[in-house]
Amino acid sequence: MPDPSPKPFCASGRAFGGKPDGLRLERMRSSPRFFDGLFRNTARVQPGLKPGTALSTISKFLFGGERRTPPAPLPTRNPLDDWARPIETGLRATWLGHSTVLIEIDGFRVLTDPVWGERASPWQFAGPKRFQPVPIPIEALPPLDAVVISHDHYDHLDYPSIRALAARDAPFITALGVGAHLESWGIPAARITELDWWEHLDLHGGALRITAAPSQHFSGRAMNDRNRTLWSSMAIRTDHHSVFFSGDTGLTPEYGDIRSRLGPFDLVMLEIGAFHPAWGDIHLGPENALEAHALLGGGCLLPVHWGTFNLAIHAWDEPAETILDLARRRGALLAMPGIGVPVEPGRIEGEPEPWWRAAGVVEAANVPAVEPESAVVAGGPVVDAIAD
């Protein structure tokens, strides 16, 4: 199978993106979340490691021996033939790895956080390297009605992928300030809409509505630009179906507000990977994902943000195994399709098949220590602590 990733880009300043100015900056300054030049969460949470955890966490991140990557590639499926078939229920989702999902909703296609690049990093020689390829080339995607970007971290906003999508005519919907990156990479300003929380964009005469909603996270693509752009969750709605996409977030009571104002949801896509108690305020993890799912009012839960990059300390399959066990005990409706396998939430019944176990089981003692380069990524809590 040919490599579906965009061609590597040279190590240059372009991957860091652009800086907001002019009217874009003025609009950011008018946000109630913008204080003294920076965006803030509603709750006062630390964007990096919690006090007293830095030394032990960094040491384990750099030199720990956990099963941080699978021993073999995970099973995948090319979804092109499936996408050519009609959707029986009107709503279908295809997880393409990490937080990249193609949502087909009542005749519209929305792509979330497209990342086809080899590394979640501004460089090709350093940073977390993809251990699981995307099942199709980005050029093979069908026509898109919208591309949604939750925030500007490298594992969600990927320079080569945006450059590849620039040739299309789909609009980009993102959080305040992130449009500066997109515009610097060739996306015309007319195709970019930046939203503050609770703002929305209507497309196709109002038949498709995308609303930015709260999340509890942070932003930045370099050591000197933390929280200079906003981070958001996104709600995608038509007259018949509704989807929630968490982006990156910690557990926040604002999910109850989201349920009241934007719910109920047929499909809830929540992050479950790259979690650790040392940065538990800014990532959910499996247990908090189920708490968030309950606050949002339930619906079919599709876990994302796992199975693609080594971004944390836990074993690569721990998020999947944990959410599978907890969802069973709590009676949550869980969809865990394989990578590239389309799923219709309205047809989910019973417990998911743990397809990821086909990659095999390797004892932690037999896995070499993770290369130190894995810690080099702007926007992660561990590298923030190193920089500090």
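This is a predicted model, so every value here is computed, not measured.

Novice: What's the story with the environment of D257 in this structure? I'm lost.
Specialist: Topologically, D257 is positioned in helix α6 (residues 254-262). The exposure class assigned to D257 is partly exposed, which follows from its relative accessible area of 40%. Sequence separation between D257 and A213 is 44 residues; the distance between their C-alpha atoms is 9.3 Å.

Novice: I'm lost on the pattern of salt bridges in this one. Help?
Specialist: In a structure, side chains of opposite charge can pair up when their charged atoms sit close to one another. Scanning the entire structure with this criterion turns up 18 salt bridges. Of the charged contacts in the structure, one is a salt bridge between R40 and D36, with a shortest N-O distance of 3.7 Å. When its relative accessible area of 28% is taken as the criterion, R40 is described as partly exposed. Take D36: its relative accessible area is 74%, and that puts it in the exposed class. Among the ionic pairs, E291 bridges to R330, the shortest N-O distance being 3.2 Å. Taken together, the residues E291 in helix α7 (residues 285-295) and R330 in helix α8 (residues 318-330) connect sequence positions 39 residues apart. It is possible to trace a salt-bridge network through shared partners that takes in D325, R328, R329 and E351.

Novice: Explain empty space enclosed by the protein here, please?
Specialist: The method is simple in principle: a probe with the dimensions of a water molecule rolls over the atoms, and the space it marks as empty is what remains. Within this structure, the stated rule accounts for 4 cavities of 30 Å³ or more. The computed volume of the second largest cavity comes to approximately 110 Å³. Around the second largest cavity, the lining is made up of 14 residues, and of these A274, F309, N310, L311 and H314 lie nearest the centre. Residue composition of the lining of the second largest cavity, by class: 7 nonpolar, 6 polar and 1 charged.

Novice: Is there a simple way to explain the pairing of strand β8 (residues 192-195) in this structure?
Specialist: Regular strands place their side chains on alternate faces of the sheet. In this structure, strand β7 (residues 172-175) lies alongside β8, joined through 4 bridges in parallel fashion. Bridge pairing links I173 to T193 in β8. In the classification by handedness, the crossover that spans β7, the intervening helix α5 (residues 179-184) and the parallel β8 is right-handed.

Novice: Could you clarify how one ought to interpret the sheet that holds strand β10 (residues 208-213) in this entry?
Specialist: Where strands meet in a sheet, backbone hydrogen bonds hold them as pairs that are either parallel or antiparallel. With mixed pairing, the 6 strands of this open sheet are ordered in space as β9-β10-β11-β12-β13-β14. Looking at strand neighbours, the two that pair on one side only are β9 (200-203) and β14 (300-304), the edges of this open sheet. Taken over all neighbouring pairs, the strand axes of this sheet differ in orientation by 15° on average, direction set aside. Bridge analysis of strand β13 (residues 267-271) against β14 gives 5 bridges, and the strand direction is parallel. Bridging from a neighbouring strand, L267 pairs with C300 of β14.

Novice: Any chance you could explain the nonpolar core here in plain terms?
Specialist: Taken as a class, soluble globular proteins show a tendency for nonpolar side chains to be buried jointly. I103, M269, L270 and W306 are the most contacted members of the largest nonpolar core, which totals 61 residues. When residues in this core are grouped by element, the largest group, 5 residues, is from α8. Residues F34, W116, L141 and I192 belong to the second largest nonpolar core, which totals 33 residues.

Novice: How should I be thinking about the sheet that holds strand β5 (residues 108-112) in this particular structure?
Specialist: Spatially, β3-β4-β5-β6-β7-β8 is the arrangement adopted by the 6 strands of the open sheet, whose pairing is mixed. The strands lining the two open edges of the sheet, one partner per strand, are β3 (91-95) and β8. Across the sheet, the axes of successive neighbouring strands diverge by a mean angle of 20°, strand direction being ignored.

What counts, and where the lines are drawn
- Residues numbered from 1 in each chain as written.
- Predicted model: local features only at pLDDT ≥ 70, side-chain atom pairs only at ≥ 80, totals over all residues.
- Heavy atoms only, no water.
- Helix = DSSP H or I, 4+ residues; strand = E, 2+ residues; numbered from the N terminus.
- Buried < 20%, exposed > 50% of the residue type's maximum accessible area, 1.4 Å probe, protein only.
- Salt bridge = Lys/Arg side-chain N within 4 Å of Asp/Glu carboxyl O.
- 1 Å grid on protein atoms, 1.4 Å probe; cavity = no way out; pocket = protein on both sides within 12 Å on 5 of 7 lines; lining within 4 Å.
- Points joined across faces, edges and corners; volume = space filled by probe spheres on them.
- Nonpolar A, V, L, I, M, F, W, Y, C, P; charged D, E, K, R; others polar.
- Pairing = 2+ DSSP bridges.
- Right-handed = clockwise from strand over helix to strand, strands pointing away.
- Axes fitted to C-alpha atoms, helices over the stretch in contact; angles between N-to-C directions.
- Core = buried A, V, L, I, M, F, W, Y, C linked by side-chain atoms within 4.5 Å.

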